Amino acid sequence: SDTVQVSFNSVSSDGLATLIAGWEQQHEVFSDISMTDEYVHTNYFSDGNIWSNYWFTWKATSKSTGETISNPVHSWFKWDGDKVSEGAFIFDPMIHVD
């Protein structure tokens, strides 16, 4: 949704425009960005809440060093109708050089 609240570890992103701008910024620092080893499942709770969990490995090449890095990520998203209203991405903030 336009007002989506997403956190990346302890850093919060306020709204869809901010979230997209952050994702676009990573393309200035990295090339060949991909997500591999993906797994998703969605949970439907008796109170009507719907949450999806998404695991993947984020991979990219540093534009400054040329090194390929990877990082496993766990994320989750709360659905309100057909839009995500909140979510989180949890990962080790240290860079893992392949």
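Residues numbered from 1 in each chain as written. Predicted model: local features only at pLDDT ≥ 70, side-chain atom pairs only at ≥ 80, totals over all residues. Heavy atoms only, no water.

Enquirer: Describe in detail the sheet that holds strand β6 (residues 83–91), supporting the description with residues and values.
Expert: Strand order in the open sheet formed by six strands is β2-β1-β6-β5-β4-β3, with mixed pairing between adjacent strands. On the outer flanks of this sheet lie β2 (11–14) and β3 (30–44), each paired with one strand and no other. Each strand axis lies, on average, 20° off the axis of its neighbour in the sheet, ignoring direction. In terms of strand pairing, strand β5 (residues 68–80) meets β6 through eight bridges, oriented antiparallel. Residue pairing across strands places H74 opposite I90, the latter belonging to β6. Along the sheet, helix α1 (residues 16–29) contacts β1 (5–8), β2, β3, β4 (50–62) and β6; its crossing angle with β3, the most-contacted strand, is approximately 145°. (Pairing = 2+ DSSP bridges. Helix = DSSP H or I, 4+ residues; strand = E, 2+ residues; numbered from the N terminus. Axes fitted to C-alpha atoms, helices over the stretch in contact; angles between N-to-C directions. Contact = heavy atoms within 4.5 Å.)

Enquirer: Tell me what's going on with the pairing of β6, and back it up with residues and numbers.
Expert: Pairing between β1 and β6: four bridges, direction parallel. Opposite Q5, over in β6, you have E86 as the bridge partner. Between β5 and β6, which pair antiparallel and follow one another directly, the connecting turn spans two residues, one of which, G81, has a positive phi of 70°.

Enquirer: Could you give me a rundown of the packing of aromatic side chains, with the residues and numbers involved?
Expert: Taken as a whole and assessed by the stated rule, the structure comprises seven aromatic pairs. With a centroid separation of 4.9 Å and an interplanar angle of 0°, the aromatic rings of F8 and F89 are classed as stacked. Remark: F89 occurs in strand β6 and F8 occurs in strand β1; sequence separation between them is 81 residues. Among the aromatic side chains, those forming a connected cluster through ring pairs are F8, W23, F77 and F89. (Phe/Tyr/Trp six-rings, centres within 6.5 Å; stacked < 30°, edge-to-face > 60°.)

Enquirer: Give a description of the side chain of S7 that names residues and reports values.
Expert: Assignment of secondary structure puts S7 in strand β1. Taking the relative accessible area as the measure of exposure, S7 reaches 18% and is therefore buried. S7 has contacts with S12, G87, A88 and F89, leaving out every residue within four places of it along the chain. (Buried < 20%, exposed > 50% of the residue type's maximum accessible area, 1.4 Å probe, protein only.)

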